[in-house]
Structure formats: C-alpha cells, structure tokens
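Structural characterization, general
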Amino acid sequence: MFTGAATGASKFFGYVQGTRWQSRFTHLIGYGASYYAYLFDRVLAGQIWSRVFSGDYAHIPASENGAPDPLSREAGERFKNEVLRWGGGRDPWQSLASVLDNGRTRSPELEAIAEGNRTAMRTVGSWQLFDI
C-alpha cells in the first residue's frame, strides 16, 4: 500500500523491494521539522486559547454558569481583529504579541515576541504545551 509512496520518497537512498520502508532512515528525513513546527503551533494555540478564549481578559463575559465563555463575541472579535484581518500583510510575531496582550503580561515579554527574534523563540520555548 505505502510501497508506491516510499519508492519516490528519497532521492538519496533507494527503496529495496520487500523491506519495511517505515523503519528505514529515509522515513525520518524531513519529518523532524514538520513535527516540531506542529508542536510549536500547539504551544502558540494554547497560549491564545488561555489568554483570549478562556477568560484571561477582563472584558470577556462569563457564560450562564459563571465560567468564561470561549465562544463569546468579544473573544472572537479580538482574535479576528488582531490576527485574522491582517492575512499575510502583517508580521505574524506582531499579531501574536498583539493578541496575547491582556494587560497582565510583562511588557518586555510582548516586545520580544513582537520582534520575533531569538528572545521571542526562548519565550515561546518556555511556555508549556497545553492539552487542548
């Protein structure tokens, strides 16, 4: 089934018929960066969820039971205005810093994130991976 995909998967190492392609080194080429980009995106999504949609902003109304309402219009508008409306016309690091600014985050942290430099990567790397 996957043999056809594996035969063209690597220009460096050819596929040997009858072997298990997924256990070969070629299966790992190019996988690492994609995997870590996925984890990086999950960390960012977790921070956005916690700071924007889980009631970390004082202006987000509570639901009927008193808990923060993640589906509130205010939370959605904030995400739309700070991230989505820009499309590709704004540096994504600036959009991230802007949407994460809840008035409680240290200003130097947000400034570093807006720069998108090495310090921003260290800051993001220090955040925990939320179980979304």
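Residues numbered from 1 in each chain as written. Predicted model: local features only at pLDDT ≥ 70, side-chain atom pairs only at ≥ 80, totals over all residues. Heavy atoms only, no water.

Examining the layout of surface pockets
For clarity, the threshold we go by: Whether a set of points on the 1 Å grid over the protein atoms alone is a cavity depends on a 1.4 Å probe fitting there but being unable to get out, while an open set qualifies as a pocket with protein on both sides within 12 Å along at least five of seven lines; lining residues are those with an atom within 4 Å of a point. Grid points are joined across faces, edges and corners, and a volume is the space filled by probe spheres set on the points. Elements are defined by DSSP. Helices are runs of H or I of four residues or more, strands are runs of E of two residues or more, and each kind is numbered from the N terminus. Residues are grouped as follows: Ala, Val, Leu, Ile, Met, Phe, Trp, Tyr, Cys and Pro are nonpolar; Asp, Glu, Lys and Arg are charged; every other residue, Gly included, is polar.
Of the pockets and cavities examined, the largest pocket occupies roughly 240 Å³. Lining the largest pocket are Phe 40, Leu 44, Ile 48, Val 83, Gly 87, Arg 90, Asp 91, Pro 92, Trp 93, Ser 95 and Leu 96. Mapped onto the lining of the largest pocket, the elements with two or more residues apiece are helix H2 (31–53) and helix H4 (92–100). Here the lining of the largest pocket gets four residues from one element, more than from any other, and that element is H4. Of the residues assigned to the lining of the largest pocket, the class counts are seven nonpolar, two polar and two charged.

Points about a nonpolar patch on the surface
As a reminder, the rule being used: Grouping into patches uses exposed residues only, defined as over 30% relative accessible area, and leaves out salt-bridged ones; the cut-off is 9 Å for like charges and 5 Å for nonpolar side chains (Val, Leu, Ile, Met, Phe, Trp, Tyr). To be clear on the numbers: accessible area is Shrake-Rupley with a 1.4 Å probe, and residue cover counts the displayed protein chains and nothing else. Salt bridge, as applied in this entry: a Lys or Arg side-chain nitrogen positioned within 4 Å of an Asp or Glu carboxyl oxygen.
A cluster of nonpolar side chains, Tyr 35, Tyr 36 and Tyr 38, forms an exposed patch at the surface whose accessible area comes to about 360 Å². Mapped onto the secondary structure, Tyr 35 falls in helix H2.

Points about the pattern of salt bridges
Short version of the rule: Categorising residues by exposure relies on relative accessible area from a 1.4 Å probe, with only protein chains included: less than 20% of the type maximum marks a residue as buried, more than 50% marks it as exposed, and the intermediate range marks it as partly exposed.
Tallied over the entire structure, the rule returns four salt bridges. Across the pair Arg 73 and Glu 77 runs a salt bridge whose closest N-O atoms are separated by 3.4 Å. Within this pair, Arg 73 and its partner Glu 77 are both found in helix H3 (residues 73–82), separated by four residues, close to a single helical turn. Owing to a relative accessible area of 63%, Arg 73 belongs among the exposed residues under this scheme. In this structure, Arg 90 and Glu 82 form a salt bridge, with 3.9 Å as the shortest nitrogen-oxygen distance.

Quick word on the side chain of Arg 78
The following threshold applies: When charges are counted, neither His nor the chain ends are considered; positive counts come from Lys and Arg and negative counts from Asp and Glu. Polar contact is defined as a pair of N or O atoms within 3.5 Å, subject to the rule that within protein one atom must be able to donate a hydrogen and the other to accept it, and that residues adjacent in sequence are counted only when both atoms are side-chain atoms.
You can see Arg 78 is positioned in helix H3. No salt bridge is formed by the buried Arg 78; the nearest opposite charge belongs to Glu 82, separated by 4.3 Å. Here Ser 98 takes part through its backbone oxygen, which lies 2.9 Å from a polar atom of the side chain of Arg 78.

Describing the environment of Pro 70
Within the secondary structure, Pro 70 sits in the loop between H2 and H3. The spatial distance from the C-alpha of Pro 70 to the C-alpha of Ser 54 is 5.5 Å, given a sequence separation of 16 residues.

A closer look at the nonpolar core
Buried together is how nonpolar side chains tend to be arranged in soluble globular proteins. Definition in use: Here, nonpolar core means buried Ala, Val, Leu, Ile, Met, Phe, Trp, Tyr and Cys residues that are tied together by side-chain atoms lying within 4.5 Å of each other. Contacts: residue pairs with any heavy atoms within 4.5 Å of one another.
Judged by nonpolar contacts, the single largest core of 16 residues is most densely connected at Ile 48, Leu 96, Leu 100, Ile 113 and Trp 127. Listing elements by their share of this core, those giving two or more residues are H2, H4, helix H5 (107–115) and helix H6 (118–126). Excluding anything up to four places from it in sequence, Ile 48 contacts Phe 53, Phe 79, Leu 96, Val 99 and Leu 100.

Overview of the packing of aromatic side chains
For clarity, the threshold we go by: To pair, rings of Phe, Tyr and Trp, with the six-membered ring standing in for Trp, must have centres within 6.5 Å; the planes then decide the type, stacked if under 30 degrees apart, edge-to-face if over 60, and tilted in the middle.
Tallied over the entire structure, the rule returns three aromatic pairs. When the ring of Trp 49 is compared with that of Phe 53, the centres are 5.6 Å apart and the planes differ by 25°; the resulting orientation is stacked. Here Trp 49 and its partner Phe 53 are both found in helix H2, four residues apart, which amounts to about one turn of the helix. On the accessibility criterion, Trp 49 (40% relative accessible area) is partly exposed.

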